[in-house]
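Chain by chain, the residues:
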Amino acid sequence: MIWIARRVGVSLALIWVVASIVFLALHVVPGDPAELLLSAGGSAPDPATVADLREKLGLDRPLLTQYASFFQGLAHADLGTSLVDDYPVTDEIARRLPRTLELIAAATLLSLLMAIPTGTYAALHRGGLFDRLMSGSAALLLAVPVFVVGTLLVLVLAQTLHIMPAGGYVPWAQSPAQHLVLLVMPALAIAQGLTAVLFRMTRASVLDVLSKDFVRTARAKGIAPARILARHVLRNALTPVLTVLGLHMGALLGGTVLVEYVFNWPGLSTPLLNAVDARDYPMVMGIVLTISTLFLLINLAMDLLYAVLDPRIRTG
Amino acid sequence: MKRAILPGGVVVVILLLAVLAPWLGLPDPVRQDVAHRLTGPITGHLLGRDEFGRDVLSRLIWGARTSLVVAFASAAIAGVLGTILGLIGGWFRGIGAMLAVRSMDVVLCFPPILLALLIVTLLGPGAGTLIMMLSLLFLPGFARVTYAEVLSARRHEYVEAVRALGATSPRILARTILPNVAGPVLVQLSLAVAAAVALESGLSFLGLGVVPPAPSWGLMIRGARATMEQAPLLLLWPCAALTVTILAMNLLCDAVRDAADPRGHPAAARPRVIDRLLPGLAPPANPDLVLEMQGLTVEIATPRGPIRPVRDVSLGVRAGETLAIVGESGSGKSITATAIMGLLPAAAQPVAGHIWFAERDLLILPEPALRKLRGGAMAMVFQDPMSSLNPVLRIGEQIGEAIRAHTPALGAAARRTRARSLLQRVGIADPDQRLTAYPHEMSGGMRQRVMIAMALANSPRLIIADEPTTALDVTVQAQILDLLADLKRDTGTAMIFISHSLGVVGEIADRVAVMYAGHIVEQGPAAAVFAKPLHPYTKALLDAAPDSDAMPTGIPGIVPSPHHLPAGCSFAPRCARAIDACAATAPPLEPATPDRLVRCLRWASA
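Residues numbered from 1 in each chain as written. Chains lettered and ligands numbered in written order. Predicted model: local features only at pLDDT ≥ 70, side-chain atom pairs only at ≥ 80, totals over all residues. Heavy atoms only, no water.

### Let's talk about the overall build of chain A
The secondary structure content of chain A amounts to 13 helices and 0 strands. Reading chain A from its N terminus to its C terminus gives the helix and strand order α-α-α-α-α-α-α-α-α-α-α-α-α. Expressed along its principal axes, the backbone C-alpha trace of chain A runs to roughly 80 × 55 × 40 Å. Here chain A, with 316 residues, has 48% of them falling under the buried criterion. (Helix = DSSP H or I, 4+ residues; strand = E, 2+ residues; numbered from the N terminus. Buried < 20%, exposed > 50% of the residue type's maximum accessible area, 1.4 Å probe, protein only.)

Written out as structure tokens, the structure is:
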């Protein structure tokens, strides 16, 4: 219990640190933040506009006051309004976050379903044809950037073979089948890199556990191979796989931004990229903060799951 | 290193193309020619022209230049700064230094692309911004790796020695520690370059990295997406370039890392040489024996050729008798034991001999039948009880599954009762609490008792104990030996007890087999062997034991490598009594008295 409380505390502290960095980043950059956000293409911005923006962002107040009111806003789920159209940032995120989450969940599930059975099989038949084939493919998949996979999927499946739509989004309520069809390609594109990583980790981890003394003990007890695999090998081998999954969630969340763009998936990516382009700092800040918090929470969940799987963590 | 040649070659070619781009006579990569947009390959434009009529080949090669400049610059900056930070942090340790290194980890709380987008918002897109943000992203990796290496390097004795000699900190860091850190930092560097190429292209693809019209693979893919239908090849070229570059870098990195960490890969299992079609041609010679091993030879395929760690070993054990196998590490005693259980690693194969148990030859018994015997009629206790128990399962489950594997009909409640009485039997005071405990919650002696309880679970006729007390405290050792002796007396089980310690063997063994370099060199009743050893090696072992009145004397030399066994007697190079004939003739194992065997040319003159 103490362990769990401590781990949750660390996560909360990290979220605070991340929020502070996102807030401070604007002030760390040399020069006047308002001028900085308005300057484009080297031309000096209009002083009146700069003064307006400064007032709007509260940049004319002392830094500490700004910091306090930023966290006050966070406490009320208020991330400010967009500089472009005055739309509340929180509303925009609330509307689009579920779609991004769905994509991430689908991709993670897909990766686990593909990587764990193949990784285990490859380890059990190490050096065999399947192992060599899969290890080779994993090396290739690791090398293809996520947006290249996405673009090539569109080129081959949609443009050339016409068996998949090139992208887009249909709400579940409108047509569940259509919704799922449109989910497949972006989820596959995101899952690709993670699958390769998890395949390698599962394979290495299963091989490692297979060489452990307690597996020899289990064999010496005359336990059936299937039961040794399920009770002794996988249970121990999957914990490092989980850790790697948590660590690679960062790359996965980043990959989502690219893939949503490639497939016109209306998640957080579109407002984020538009905001970066328009230097709409409140919107960028809100979305980056949301996704980073998500990343930290996912890792917290992984660690808690880890403790369930491995009793040594709880007492250690 | 053979694996590094192909990817290394590809990386070198790409680097050369990028460096030499201005001198290759390529068309201007940014000059537009809208009249000839999307034209196919012609002379002078090998890969055709893009949507603005620019030469694709030229843009590909100049794009490599952009990508690699950004990647190498950011990796180099992060590498230098991170290494310095890690060196200083690791050397001066202190809270402040640790915080400085650790605070870099905050960068790892952000998904990389998102931190990059945050920075682009503030600084605007461009190559300068890219280099800055990529260095920031890679900085913590370098700082961490260096920090950890310095912490471990400063514990090395030569570093301590240089410090004691009064060298200054910067000098020690530069001359002594930096070379140690270089390997991991280089691996990190190559990882960073590959990651930087991927990130740069991703951001350029989003239109937030390299600013058009500068050539970049990411920008080329972004541009070609619009004309995908008319000119799919335009999309394929930069995709291929990007993938091949990252793949070659990854493979090169893997090969270099593997070369730095040479853990040999064991060869795949080979089919048994023993003729499976003619079992039982040589039936057991002695029906009184619970187990009889005849001429067992085990071969292991190693990268340096096959070795035979067990050669022509014959032994037997009766019910209620304890046979001790004694020898130094590498004598083949543990392999002999695992061969009985059929638990040899895949690379090791029995190539000759028979192991008779319950009137069947274990060496040719199919795996399912062998599995029924393992943990049932024959059981094994291993050396290290901590690693031999599964850390994530409760003790009760681990004993329970041993029972269940051989008596599947038994219900859960009956299994629990039996597990409980087994724990009582091996002297565990509070069996009910212990059944729900995990291995890490118990002491070493307690864990070994659990291992013994597991071995007893199905009333075996043979127990093989492989150095069961070596990993334990001296006081606990005595308790475990007493327990094993009690059990043998009560149950009449045959026991094979493997140990390198003659003192331990003297307490428990009825008969002793001494092994050296894969051979049995002497065998006989324990009392007789201890009183009057016939083989010089046995004598040397006894002299080396610390419990005699005289000062223990060591045995000169080491066990010969199984790759280079002496032609004659294996022990001759270390033997004080060796004569010329010993180096030339391999002695046979011959009977010295009716119940003693010895493998020595000169035993009679002992």
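### A word on the overall build of chain B
Looking only at helices and strands, chain B has 21 helices and 12 strands in total. With respect to the principal axes defined by its C-alpha atoms, chain B has extents near 105 × 65 × 65 Å. The buried share of chain B, taken over its 606 residues, is 52%. By sequence separation, contacts in chain B at least 24 residues apart represent 66% of the contacts at least 6 residues apart. By element, 62% of the accessible surface of chain B is carried by carbon and sulfur atoms, the whole surface being about 26600 Å². Across chain B, the 53 positively charged side chains and the 45 negatively charged ones have centroids separated by 4 Å. (Contact = heavy atoms within 4.5 Å. Areas by Shrake-Rupley, 256 points an atom, 1.4 Å probe, with all protein chains shown as cover. Lys, Arg positive; Asp, Glu negative; His and termini not counted. Charge placed at Lys NZ, Arg CZ, Asp CG, Glu CD.)

### As for the domain arrangement of chain B
Looking at the assigned domains, one finds that chain B contains domain 1 (57–262) and domain 2 (285–371 + 504–606). Of note, the centres of domain 1 of chain B and domain 2 of chain B, computed from C-alpha atoms alone, are 56 Å apart. (Domains from an automatic or database assignment.)

### Here's the deal with the sheet that holds strand S2 (residues 305–318) of chain B
Residues and elements named next belong to chain B. Strands sit in the order S2-S1-S4-S5 across an open sheet of 4 strands; the sheet is antiparallel. In the strand order of this sheet, the two ends are held by S2 and strand S5 (360–361), each with one partner. One ladder, built from 9 bridges, connects strand S1 (residues 289–302) with S2; its direction is antiparallel. Residue pairing across strands places Thr302 opposite Gly305, the latter belonging to S2. (Pairing = 2+ DSSP bridges.)

### Points about helix H5 (residues 89–124) of chain A
Since the α-helix turns once every 3.6 residues, residues separated by three or four places project in the same direction. Over its 36 residues, H5 of chain A extends 50 Å from the first C-alpha to the last, a length consistent with the 52 Å expected when each residue adds 1.5 Å. Remark: the principal bend of H5 of chain A, roughly 35 degrees, maps to Arg96 of chain A, with a proline, Pro98 of chain A, within the next four residues. (Expected span 1.5 Å × (residues − 1). Bend = angle between axes of the 7 residues up to and from the residue.)

### Looking at the domain arrangement of chain A
All names here are of chain A. Parsing chain A into structural domains produces domain 1 (2–75) and domain 2 (96–315). For domain 1 versus domain 2, the distance between C-alpha centres works out to 33 Å. Counting residues at the interface gives 19 residues for domain 1, matched by 17 residues for domain 2. Summing both sides of the interface, domain 1 and domain 2 together bury roughly 1600 Å²; the carbon and sulfur share of this comes to 78%. Among the residues domain 1 hides against domain 2, the three largest losses belong to Trp3, Arg7 and Val22. Together they make up 36% of the total. At the surface where domain 1 touches domain 2, the tally comes to 1 salt bridge. (Buried area = accessible area lost by both parts, 1.4 Å probe. Salt bridge = Lys/Arg side-chain N within 4 Å of Asp/Glu carboxyl O.)

### A look at the pairing of strand S10 (residues 519–525) of chain B
In the case of a regular strand, side chains alternate between the two sheet surfaces. All names here are of chain B. The buried count for S10 comes to 7 of 7 residues, which makes it a mostly enclosed element. Examined bridge by bridge, strand S9 (residues 511–516) and S10 share 6 bridges and lie antiparallel to one another. When the bridges of S10 are listed, Arg511 appears paired with Pro525. Counted between consecutive antiparallel strands, the loop separating S9 from S10 contains 2 residues, among which Ala517 sits at a positive phi close to 50 degrees. Where S10 lies against strand S12 (residues 596–598), 2 bridges are found, and the strand directions are antiparallel. Across the sheet, residue Gln523 finds its bridge partner in S12, namely Leu597.

### Here's the deal with the packing of aromatic side chains
Each aromatic ring pair is specified by the distance between its two centres and by the angle formed by the two planes. Residue and element names in this part refer to chain A. Evaluation of the coordinates by the stated rule reveals 11 aromatic pairs over all chains. Ring geometry for Phe23 and Phe70: centres 5.1 Å apart, planes at 25 degrees, overall stacked. Remark: Phe70 occurs in helix H4 (residues 63–75) and Phe23 occurs in helix H1 (residues 2–28); sequence separation between them is 47 residues. Each ring, one from Tyr169 and one from Trp265, has its centre 4.9 Å from the other, and the planes form 85 degrees; the classification is edge-to-face. Here Tyr169 is found in the loop between helix H7 (146–160) and helix H8 (176–210), whereas its partner Trp265 is found in the loop between helix H10 (225–263) and helix H11 (269–278), with 96 residues between them in sequence. The partly exposed category is assigned to Tyr169, whose relative accessible area is 25%. Members of the aromatic cluster, joined through ring pairs, are Phe23, Tyr67, Phe70 and Phe71. (Phe/Tyr/Trp six-rings, centres within 6.5 Å; stacked < 30°, edge-to-face > 60°.)

### Here we look at the sheet that holds strand S8 (residues 494–499) of chain B
All names here are of chain B. With respect to topology, 8 strands assemble into an open sheet ordered S6-S7-S8-S3-S9-S10-S12-S11, the strand pairing being mixed. Only two strands of the sheet have a single neighbouring strand rather than two, namely strand S6 (378–381) and strand S11 (590–593). On average, each strand axis in the sheet is inclined to that of its neighbour by 20 degrees, with strand direction left out of account. (Axes fitted to C-alpha atoms, helices over the stretch in contact; angles between N-to-C directions.)

### Digging into the nonpolar core
Judged by nonpolar contacts, the single largest core of 146 residues is most densely connected at Val22, Leu272 and Tyr281 of chain A together with Leu117 and Ile177 of chain B. Those residues within four positions of Tyr281 of chain A in sequence are excluded, and the remaining contacts are Val22, Ala25, Leu26, Leu37 and Leu83 of chain A together with Leu118, Thr121 and Leu122 of chain B. Counting 76 residues, the second largest nonpolar core, distinct from the first, contains Ala347, Ile403, Met454 and Ile480 of chain B. (Core = buried A, V, L, I, M, F, W, Y, C linked by side-chain atoms within 4.5 Å.)

### Looking at the packing of helix H6 (residues 129–143) of chain A against H8 of chain A
Residues and elements named next belong to chain A. Viewed as axis vectors pointing N to C, H6 and H8 meet at an angle of 135 degrees, and their least axial separation amounts to 8 Å. Relative to H8, the element H6 lies oblique. The two elements H6 and H8 meet at a crossing, and its hand is left-handed. Contacts between H6 and H8 involve Asp131, Met134, Ser135, Ala138, Ala139, Leu141 and Leu142 from the first element and Gln192, Gly193, Ala196, Val197, Phe199, Arg200 and Arg203 from the second. Considering only residue class, the contact of H6 with H8 consists of 8 nonpolar, 3 polar and 3 charged. (Parallel < 35°, antiparallel > 145°, perpendicular 65-115°, else oblique. Left-handed = near helix turned anticlockwise from the far one by under 90°. Nonpolar A, V, L, I, M, F, W, Y, C, P; charged D, E, K, R; others polar.)

### Notes on the packing of H7 of chain A against H10 of chain A
Residue and element names in this part refer to chain A. At a closest axis distance of 9 Å, the pairing of H7 and H10 adopts a crossing angle of 25 degrees. For the element pair H7 / H10, the angle class is roughly parallel. H10 is crossed by H7, and the crossing has right-handed handedness. For the pair formed by H7 and H10, the contact residues are Val146, Phe147, Gly150, Thr151, Leu153 and Val154 on the first element and Gly255, Leu258, Val259, Val262 and Phe263 on the second. Residues belonging to the contact of H7 with H10 are distributed by class as follows: 8 nonpolar, 3 polar and no charged.

### Considerations on the interface of chain B and chain A
Listed as interface residues are 66 residues of chain B and, on the opposing side, 68 residues of chain A. Summed over both partners, the interface of chain B with chain A buries about 5900 Å², with 69% contributed by carbon and sulfur atoms. The interface formed by chain B and chain A contains 3 salt bridges. For Lys221 of chain A, the salt bridge goes to Glu401 of chain B, with nearest N and O atoms at 3.2 Å. Viewed at the interface, chain A and chain B are joined by 18 residue pairs in polar contact (both at pLDDT 80 or more). When residues in the side of chain B that touches chain A are grouped by element, the largest group, 11 residues, is from helix H9 (residues 232–260) of chain B. (Polar contact = N/O pair within 3.5 Å; in protein donor to acceptor, adjacent residues only side chain to side chain.)

### Digging into the confidence of the model for chain A
Per-residue pLDDT for chain A has a mean of 87; in total, 97% of the residues score no lower than 70. Ranking the elements of chain A by mean pLDDT puts helix H13 (residues 311–315) of chain A last with 71 and H5 of chain A first with 93. (pLDDT = per-residue confidence, 0-100.)

### Here's the deal with the environment of His162 of chain A
Residue and element names in this part refer to chain A. Inspection of the secondary structure assignment puts His162 in the loop between H7 and H8. The class of His162 is exposed, set by a relative accessible area of 61%. Linking His162 and Ala230, residues 68 residues apart in sequence, is a C-alpha distance of 42 Å. Within polar-contact distance, the side chain of His162 engages the backbone oxygen of Gln159 at 3.0 Å.

### Observations concerning the pattern of salt bridges
Should their charged atoms come close, side chains of opposite charge can pair. Counted according to the given criterion, the structure contains 22 salt bridges over all chains. Of the charged contacts in the structure, one is a salt bridge between Glu397 of chain B and Arg231 of chain A, with a shortest N-O distance of 2.4 Å. Here Glu397 of chain B, found in helix H13 (residues 395–406), pairs with Arg231 of chain A, found in helix H10, and the two come from separate chains. Classification of Arg231 of chain A as partly exposed rests on a relative accessible area of 27%.

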